[in-house]
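Geometric and topological summary
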Amino acid sequence: MTSPAYDHAIDVQKLHKSFGDNEVLKGIDFHVDDGEVVCVIGPSGSGKSTLLRCINQLEVPTKGRVLVEGVDMTDPETDLNDVRSRIGMVFQSFNLFPHLTVTDNLTLAQRRVKKRSKADARRCALENLAKVGLEDKADAYPAHLSGGQQQRVAIARALSMEPDLMLFDEPTSALDPELVGDVLAVMKTLASDGMTMMVVTHEMGFAREVGDKLVFMDEGVIMEEGDPVEVLSNPQHERTQEFLSKVL
Ligand code: ADP
Ligand code: MG
């Protein structure tokens with residue numbers, strides 16, 4: 001294997017983001033390497049979603065740089081659509097098209113963006129539905145699926161674009177507790193298949209078991225980061241201790 005022509009899959013440097021005079025990210029530095037799973041935790045409003053959205057420039061940073069596979073996302077010359085097509089994103093709300101079947105949800109972007117033939121797109125869709133354990137739902141409509149199944153479809157849809165990396169923003173937060181496990185199991189398989197992942201989550205068990213690194217954010221800064229087992233069992237910072245005492 002040849003080594004990639006970049007240092008990190010995701011490289012965030014001195015990132016600031018303000019909305020008006022509300023500075024939400026106050027100088028974030030961190031990176032994610034190829035095949036690494038980085039989990040991000042922190043209180044509501046600490047800037048986790050904004051950070052994730054700055055990575056694919058759904059939010060434009062006020063200052064600082066974001067490199068994805070070595071490409072500077074903040075450089076006006078960069079073809080954002082090209083880089084974005086290598087980044088899969090899964091949100092808390094599944095955002096499936098309600099009027100399309102599961103398969104059509106998975107083939108739409110493949111056909112439009114990847115210009116795949118109908119047959120190729122369908123083949124790829126069915127392959128990815130099998131990966132998330134839902135090949136029998138290929139012709140169902142989203143409304144007939146549970147929340148957990150819809151989220152697995154959303155993951156399969158992202159995978160159908162064959163991304164190099166995946167960003168998850170609280171993928172299980174909207175789910176009934178009994179449905180969370182199936183979604184986490186799919187994410188765990190993805191991780192063990194070597195997918196590069198950044199996961200904002202409140203699932204500490206997942207972070208501990210699957211994460212290579214855990215990042216604790218508070219008020220727009222990274223307060224603490226490190227090995228998940230270390231951070232969770234022996235948090236160094238008072239704010240981390242306080243947060244973990246509420247969620248663990
Ligand atoms: P988290 O995901 O950690 O809960 P967010 O990144 O969603 O935090 O939000 C951090 C702060 O940024 C919040 O105070 C929120 O109100 C503010 N914020 C987020 N997005 C916007 C926006 N589009 N416009 C104005 N303020 C925003
Ligand atoms: Mg959020």
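Residues numbered from 1 in each chain as written. Chains lettered and ligands numbered in written order. Predicted model: local features only at pLDDT ≥ 70, side-chain atom pairs only at ≥ 80, totals over all residues. Heavy atoms only, no water.

Keep this limit in mind: UniProt positions are given in the numbering used here, feature names are shortened, and annotations may be inferred rather than shown by experiment.
Looking at an unreviewed UniProt entry, one finds the protein named ABC-type polar-amino-acid transporter, with Nocardioides dokdonensis FR1436 as its source organism. The annotation that UniProt attaches to the protein under Catalytic activity (unreviewed entry) is "a polar amino acid(out) + ATP + H2O = a polar amino acid(in) + ADP + phosphate + H(+)". Its UniProt record gives the protein a comment under Sequence similarities (unreviewed entry), which states: "Belongs to the ABC transporter superfamily."

1. So, the confidence of the model for the protein
As a reminder of what qualifies: Across the chain, each position has a pLDDT score giving the predictor's confidence in that residue, from 0 to 100.
Taken residue by residue, the protein gives an average pLDDT of 96. The fraction at 70 or more is 99%. In the model output, the complex is listed with pTM 0.96 alongside ipTM 0.98.

2. Let's talk about the site of ligand 1
Condition: The rule for a residue being near a molecule or strand is that one of its heavy atoms must lie within 4 Å of it. Any N or O atom pair separated by 3.5 Å or less is treated as a polar contact, with the protein-specific requirement of one donor-capable and one acceptor-capable atom, and with residues adjacent in sequence counted only for side-chain atom pairs. Computed with the Shrake-Rupley method and a 1.4 Å probe, the accessible areas treat only the protein chains shown as cover for residues. Secondary structure elements follow DSSP: runs of H or I no shorter than four residues count as helices, runs of E no shorter than two count as strands, and numbering proceeds from the N terminus.
The environment of ligand 1 is made up of F19, N22, V24, P43, S44, G45, S46, G47, K48, S49, T50 and E59. Separating an oxygen atom of ligand 1 from a backbone N or O atom of G47 is a distance of 3.0 Å. Between ligand 1 and K48, the relevant distance is 2.8 Å, taken from an oxygen atom to a side-chain nitrogen or oxygen of the residue. When the free accessible area of ligand 1 is taken as 560 Å², the share hidden by the protein chains comes to 59%. Those elements that provide at least two residues to the shell around ligand 1 are β2 (22-32) and α1 (48-55). The biggest single contributor to the shell around ligand 1 is α1, with three residues.

3. Focus on the sheet that holds strand β10 (residues 221-226)
By definition, the strands of a sheet pair up through backbone hydrogen bonds, in either a parallel or an antiparallel sense. Put simply, the test is: At least two DSSP bridges between two strands are needed for those strands to be called paired. Angles here are taken between N-to-C directions and fall from 0 to 180 degrees, while the axes themselves are lines fitted to C-alpha atoms, restricted in helices to the stretch in contact. In this description, contact between two residues means that some pair of their heavy atoms is separated by no more than 4.5 Å.
What the six strands build is an open sheet, ordered β6-β7-β8-β3-β9-β10; its pairing is mixed. Lying at the two open borders of the sheet, with one neighbouring strand each, are β6 (87-90) and β10. Adjacent strand axes in the sheet meet at a mean angle of 15° when their direction is disregarded. The sheet contacts of helix α5 (residues 147-159) involve β6 and β7 (165-169), and relative to β6 the element is tilted by about 170°. Of the strands in this sheet, β3 (37-41), β7 and β8 (196-200) touch helix α6 (residues 177-192), which is tilted by about 145° from β8.

4. Some words on α1
As a reminder of what qualifies: The classification of residues rests on relative accessible area computed with a 1.4 Å probe and restricted to protein chains. Under 20% of the type maximum is buried, over 50% is exposed, and intermediate values are partly exposed.
Within α1, six of the eight residues are buried, which leaves it mostly tucked inside the rest of the structure. Along α1, the residues that are buried comprise K48, T50, L51, L52, C54 and I55.

5. Quick look at the packing of aromatic side chains
Here is the rule: Centres within 6.5 Å are what make two rings of Phe, Tyr or Trp a pair, Trp counting through its six-membered ring; a difference in plane orientation under 30 degrees is then read as stacked, over 60 as edge-to-face, and the rest as tilted.
Taken as a whole, this structure holds one aromatic pair when the rule is applied. Ring geometry for F216 and F243: centres 5.3 Å apart, planes at 40°, overall tilted. Here F243 lies in helix α9 (residues 238-247) and F216 lies in strand β9 (residues 213-218), a separation of 27 residues in the sequence. The buried category is assigned to F216, whose relative accessible area is 0%.

6. Let's talk about the packing of helix α3 (residues 102-112) against α5
Here is the rule we go by: To sort the angles, those under 35 degrees are grouped as roughly parallel, those over 145 as roughly antiparallel, those from 65 to 115 as roughly perpendicular, and the leftovers as oblique. Take the far helix as your reference; a near helix turned counterclockwise from it by less than a right angle gives a left-handed crossing, and one turned clockwise gives a right-handed crossing. Amino acids are sorted into nonpolar (Ala, Val, Leu, Ile, Met, Phe, Trp, Tyr, Cys and Pro), charged (Asp, Glu, Lys and Arg) and polar (every other residue, Gly among them).
Put simply, α3 and α5 touch, their axes get as near as 8 Å, and they point 30° apart. Considering their axes alone, α3 and α5 lie roughly parallel with respect to each other. Taken as a pair, α3 and α5 cross one another with a handedness that is right-handed. The segment α3 lies against α5, with V102, N105 and L106 engaging V153, A156 and R157. The class makeup of the residues in the contact of α3 with α5 is four nonpolar, one polar and one charged.

7. Some thoughts on the pairing of β3
With five of five residues buried, β3 lies mostly within the body of the structure. Judged by which residues are buried, β3 turns out to be covered on both faces: V37, C39 and I41 on one side and V38 and V40 on the other are all buried. Where β3 and β8 come together, four bridges link them in parallel fashion. Counted as the bridge partner of V40 is V200 from β8. Relative to β9, β3 runs parallel, the two sharing four bridges. Bridge pairing in β9 links V38 to K213.

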